[in-house]
Amino acid sequence: VGQQLAAAKPPIDVEQFVTHLKAVSESNFMYVSYVIEDVANRKPNDPPLDLDNLPKGLFGYYKRFWSRLEEPKAEGWADWDGLYRPVIERLGVAFEPVPAEWLGKQINRSTNEVLDRALERWPRLLGREQRNRIDAWRLVHRSFADFLATKIDLRGAHSAVADYYAVGLHHSRAKWQWEIERGAGGTDPCPTSRWFATFLALVYHRNAARYASVGRVRSRTTSSIHESNSRPTRPTRARSTWSGTRR
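All values derive from a computational prediction rather than experimental measurement.

Rules behind the numbers
Each chain carries its own residue numbering, running from 1 in the written order of its sequence. This being a predicted model, a pLDDT of at least 70 is required before a residue's local features are given, and a value of 80 or more before pairs of side-chain atoms are given or counted; all residues contribute to the totals for chains, interfaces and linings. Side-chain metrics rest on all non-hydrogen atoms present in the structure, leaving aside hydrogens and water. Computed over the protein atoms alone on a 1 Å grid, cavities are sets of points where a 1.4 Å probe fits but cannot get out and pockets are open sets with protein on both sides within 12 Å along at least five of seven lines; a residue lines them when it has an atom within 4 Å of a point. Grid points are joined across faces, edges and corners, and a volume is the space filled by probe spheres set on the points. Segments assigned H or I by DSSP are reported as helices when at least four residues long, segments assigned E as strands when at least two residues long, and all are numbered from the N terminus. Residues are grouped as follows: Ala, Val, Leu, Ile, Met, Phe, Trp, Tyr, Cys and Pro are nonpolar; Asp, Glu, Lys and Arg are charged; every other residue, Gly included, is polar. Remark: exposure states derive from per-residue accessible area (1.4 Å probe, protein chains only) relative to the maximum for the residue type, with buried under 20%, exposed over 50%, and partly exposed in between. What the arc measures is the spread of directions leading from the helix axis to the C-beta atoms. The term salt bridge refers to a pairing of a side-chain nitrogen on Lys or Arg with a carboxyl oxygen on Asp or Glu at a separation within 4 Å. Two aromatic rings, drawn from Phe, Tyr or Trp (for Trp, its six-membered ring), form a pair once their centres lie within 6.5 Å of each other, and the interplanar angle then sorts them: stacked below 30 degrees, edge-to-face above 60, tilted otherwise. For a helix, the expected span equals 1.5 Å multiplied by the residue count minus one. A residue's bend is given by the angle between axes fitted to the 7 residues ending at it and the 7 residues starting at it. A strand pair is defined by DSSP finding two or more bridges across the two strands.

### Re the layout of surface pockets
Working step 1: Empty space within the largest pocket amounts to approximately 510 Å³.
Working step 2: Along the wall of the largest pocket there are 17 residues; nearest its centre are Asp-38, Arg-42, Asp-46, Arg-64 and Arg-68.
Working step 3: Put simply, the parts of the chain that give the lining of the largest pocket at least two residues each are helix H3 (29–40) and helix H4 (57–69).
Working step 4: Taken together, the residues of the lining of the largest pocket break down into seven nonpolar, two polar and eight charged.

Written out as structure tokens, the structure reads:
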């Protein structure tokens, strides 16, 4: 960071940087971490560093993040409505980092398309980690999902994920009953995963109802973004959203 400040034109004094950052961050730790990371990772062809261009507060930083997420909208409404926005919405409601395959199944797109066109496009806005040697993706921070609730339909996304598990459960149950009628089997082959799918469907439906309440008091959500220096209160969480179930 010091090297970047010294290379700015004109150079920026460290004390000046700290004083300005303290003022615009509104004492929010997440904001400070974002700025430090962005300054440290500046490229030679980036615009000159200008402290006056820093957004005010975490809400302002998330508005800048959102403008980057919205860039694909200019490329055509069909892809925005059918690929990019649904991926953002599913990341906003996922209980844990999820793989591109899970996202693709949610929105009826191929894994490669979700990965290459959407996820790889937003490295600054998403986190990536390994889960059972599979790349899994999440939003940069859960408080960003609270901001997204003011921009996209997270309630509808919760309902869509719940329906995904409910429909898969119905199809699995129907196949099992069909096999019984044909004399191909008499016991449920996967009661544990079937129970877990039921659980996830119920949790996502309940969270959809909770987001309905959040939507009526958006000012409270915005306030939590301004005030929070850690993870804010979220709807009910459940582990192993994708790894414990199969359709």
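Read on, since the account is not over.
### Remarks on empty space enclosed by the protein
Working step 1: Tallied over the full model, the rule gives two cavities of 30 Å³ or more.
Working step 2: Its volume calculated, the second largest cavity comes out at about 30 Å³.
Working step 3: Considering the residues around the second largest cavity, the lining is formed by Leu-69, Ile-88, Leu-91, Trp-122, Leu-125, Leu-126, Leu-139 and Phe-144.
Working step 4: Looking at the lining of the second largest cavity residue by residue, the classes come out as eight nonpolar, no polar and no charged.

### Quick word on helix H7 (residues 111–118)
Working step 1: Three or more residues of H7 are buried, namely Glu-113, Val-114 and Ala-118. Projected down its long axis, H7 shows its buried positions confined to an angular sector of 100°, all on one face. Of the exposed residues in H7, the ones pointing more than 90 degrees away from its buried face are Asn-112 and Asp-116.

### Some thoughts on the side chain of Ser-143
Working step 1: Within the secondary structure layout, Ser-143 lies in helix H8 (residues 142–148).
Working step 2: Note on Ser-143: relative accessible area 2%, which makes it buried.

### Examining the environment of Trp-102
Working step 1: With respect to the secondary-structure elements, Trp-102 resides in helix H6 (residues 100–107).
Working step 2: Each C-alpha atom of the pair Trp-102 and Arg-90 lies 9.6 Å from the other, and the pair is twelve residues apart in sequence.

### Some points on the pattern of salt bridges
Working step 1: Counting across every chain of the model gives 15 salt bridges.
Working step 2: Here Arg-117 ties to Asp-79 by a salt bridge, and the two come within 2.7 Å at their closest N and O atoms. Placement of Arg-117 in helix H7 and of Asp-79 in helix H5 (residues 77–93) is noted, with a sequence separation of 38 residues between them.
Working step 3: Taking relative accessible area as the criterion, Arg-117 reaches 28% and is therefore assigned partly exposed.
Working step 4: Of the residues examined, Asp-79 reaches a relative accessible area of 25% and is grouped as partly exposed.
Working step 5: Because the salt bridges share partners, they merge into one network encompassing Asp-79, Arg-109, Glu-113 and Arg-117.

### What about the packing of aromatic side chains?
The geometry of an aromatic ring pair is captured by the separation of the ring centres together with the interplanar angle, meaning the angle of the planes.
Working step 1: Applying the stated criterion across every chain yields a total of 13 aromatic pairs.
Working step 2: Between Tyr-62 and Phe-65, the aromatic rings sit 5.8 Å apart at their centres with planes inclined by 40°, giving tilted as the arrangement. Here the residue Tyr-62 and the residue Phe-65 both occupy positions in helix H4, the gap between them amounting to three residues, near one helical turn. Across the pair, Phe-65 and Tyr-62 agree in class, each one buried.
Working step 3: Among the aromatic residues, those joined into a ring-pair cluster are Tyr-31, Tyr-34, Phe-59, Tyr-61, Tyr-62, Phe-65, Phe-144 and Phe-147.

### Digging into H5
Working step 1: If you check H5, its first and last C-alpha atoms are 23 Å apart, about what 17 residues at 1.5 Å a residue would give, namely 24 Å.
Working step 2: The largest bend in H5 comes to about 35°, at Arg-85, with the proline Pro-86 one to four residues further on.
Working step 3: Those residues of H5 lying buried are Trp-80, Leu-83, Tyr-84, Pro-86, Val-87, Ile-88, Glu-89, Arg-90, Leu-91, Gly-92 and Val-93.

### Some details on the pairing of strand E2 (residues 134–139)
Working step 1: Here strand E1 (residues 126–131) runs beside E2; their pairing, made up of six bridges, is antiparallel. Along E2, the bridge assignment pairs Gly-127 with Arg-138.
Working step 2: Once E1 ends, the chain turns through two residues before running back antiparallel as E2, passing Asn-132 with a positive phi of about 55°.

### With respect to unusual backbone geometry
Working step 1: Cis geometry marks the peptide bond from Lys-9 to Pro-10; its omega dihedral reads 0°.
Working step 2: One can find Pro-10 in the loop between helix H1 (2–7) and helix H2 (14–25).
Working step 3: Its identity is not glycine, yet Ser-27 carries a phi of approximately 60°, on the positive side.
Working step 4: As for its placement among the helices and strands, Ser-27 is situated in the loop between H2 and H3.

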